[in-house]
Amino acid sequence: MTILTAVLLLFFFIFAAPSTADINSVKILSDNRDLILFSKFEYSPTGYVSVAVSSAGISSNPVTSNASQPADPSRVGFFLLSQELSDRYHLQLKFRPNPDLCGLDINNITVLFTFRDLSPPPHSSFNTSYHVTYPGNYLLFFANCNNQSLVTMNVRRELHNLLDDGTTTTKDYLSAREPQPSDYFRFFLMYLCFLGFWTKLCFKNLLRFMES
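As the structure is a prediction and not an experimental result, all values here were calculated from the model.

*Asks:* Before we go on, may I ask you to explain the overall build of the chain in this structure?
*Replies:* In terms of helices and strands, the chain carries 3 helices and 9 strands. The buried share of the chain, taken over its 212 residues, is 33%. Partitioning the contacts of the chain with sequence separation of at least 6, the portion at a separation of at least 24 is 83%. Roughly 13800 Å² of accessible area belongs to the chain as shown, and the carbon and sulfur atoms make up 59% of that amount.

Shown next as structure tokens:
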């Protein structure tokens, strides 16, 4: 009985522990990419995306840039793009983006914020949370449409849907329609009960065979 209890507790902590798969922090240092894919997530009608940026800055590439043309902060920022639009504009990572196309100029995207919204130095930070009203798969991109400029920043993103059981509201960090950790635990309990019943039945049949 003690072994069975230990096994149950082990599976409980494995499958029922809170998920943090879609909370992530990353540091970008002197990056000249014009497009960075941060995440892909399927949102429900109660989906939210939160992005916090700190210690952000834009600098000119000392080798290839023209110092007389400073970078435009309104041409640098984060946006959400639906999977359908991503396929249409060939913005997935396996394709090379159109060099003449700025991600912030695509129609029907959701611009979360640009570097023009940053607080003044030395903090140079911004924090926003956006409610995704139309469910579906979305990609979170960062775009830098200033040619030959370098971006440095600390980024923390949080993607989640809200679960409401009628009494409490909790954050679900799994994409919509993905099985919940508690579902796996319930399946485990069902299989465990079936295994116990099958073992008991086999043991009874063995006793009957030995008695005969």
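Next, the rest of the story.
*Asks:* Please clarify how the pairing of strand E4 (residues 76–82) should be interpreted in this entry.
*Replies:* Side-chain positions along a regular strand alternate between the two faces of the sheet. Counted residue by residue, E4 has 7 buried out of 7 residues, so it is predominantly covered. With burial as the criterion, each face of E4 is covered, one bearing Val-76, Phe-78, Leu-80 and Ser-82 and the other bearing Gly-77, Phe-79 and Leu-81. In terms of strand pairing, E4 meets strand E7 (residues 136–144) through 7 bridges, oriented antiparallel. Bridge pairing in E7 links Phe-78 to Phe-142. The pairing of E4 with strand E5 (residues 110–114) spans 4 bridges and is antiparallel. Paired with Leu-80 across the strands is Thr-110, a residue of E5.

*Asks:* Is there a simple way to explain the environment of Asn-61 in this structure?
*Replies:* Turning to its location among the elements, Asn-61 is positioned in the loop between strand E3 (47–60) and E4. The spacing of Asn-61 and Gln-148 is 87 residues in sequence and 5.7 Å in space, taken between C-alpha atoms. Once residues lying within four places of it in the same chain are set aside, the contact partners of Asn-61 are Gln-148, Ser-149 and Leu-150.

*Asks:* Any chance you could explain the nonpolar core here in plain terms?
*Replies:* For soluble globular proteins, nonpolar side chains are generally found buried alongside one another. Val-49, Val-51, Val-53, Phe-78, Phe-142 and Met-153 are the most contacted members of the largest nonpolar core, which totals 24 residues. For this core, the secondary-structure elements that each account for two or more residues are strand E2 (35–43), E3, E4, E5, E7 and strand E8 (149–164). If you look at the next biggest cluster of nonpolar residues, it comprises 11 residues, including Leu-81, Leu-104, Ile-109 and Leu-139.

Rules and cut-offs
- Chains are numbered independently. Their residues run from 1 in the order of the written sequence.
- Reporting in this predicted model follows two pLDDT cut-offs: at least 70 for local features of residues, and 80 or more for side-chain atom pairs to be given and counted; totals over whole chains, interfaces and linings ignore these cut-offs and use all residues.
- The side-chain values count all of the structure's non-hydrogen atoms but skip hydrogen atoms and water molecules.
- A helix here means a DSSP run of H or I that spans at least four residues, while a strand means a run of E at least two residues long, and both kinds are numbered starting from the N terminus.
- Each residue is assigned to one of three classes by its accessible area relative to the maximum for its type, calculated with a 1.4 Å probe on protein chains only: buried under 20%, partly exposed between the two thresholds, exposed over 50%.
- Residue contacts follow a heavy-atom distance rule, with two residues in contact if any of their heavy atoms lie within 4.5 Å.
- Only the protein chains shown count as cover for residues, with accessible areas throughout obtained via the Shrake-Rupley method and a probe of 1.4 Å.
- Pairing between two strands is assigned when DSSP locates at least 2 bridges connecting them.
- Here, nonpolar core means buried Ala, Val, Leu, Ile, Met, Phe, Trp, Tyr and Cys residues that are tied together by side-chain atoms lying within 4.5 Å of each other.

So yeah, pure geometry; function would need other evidence.
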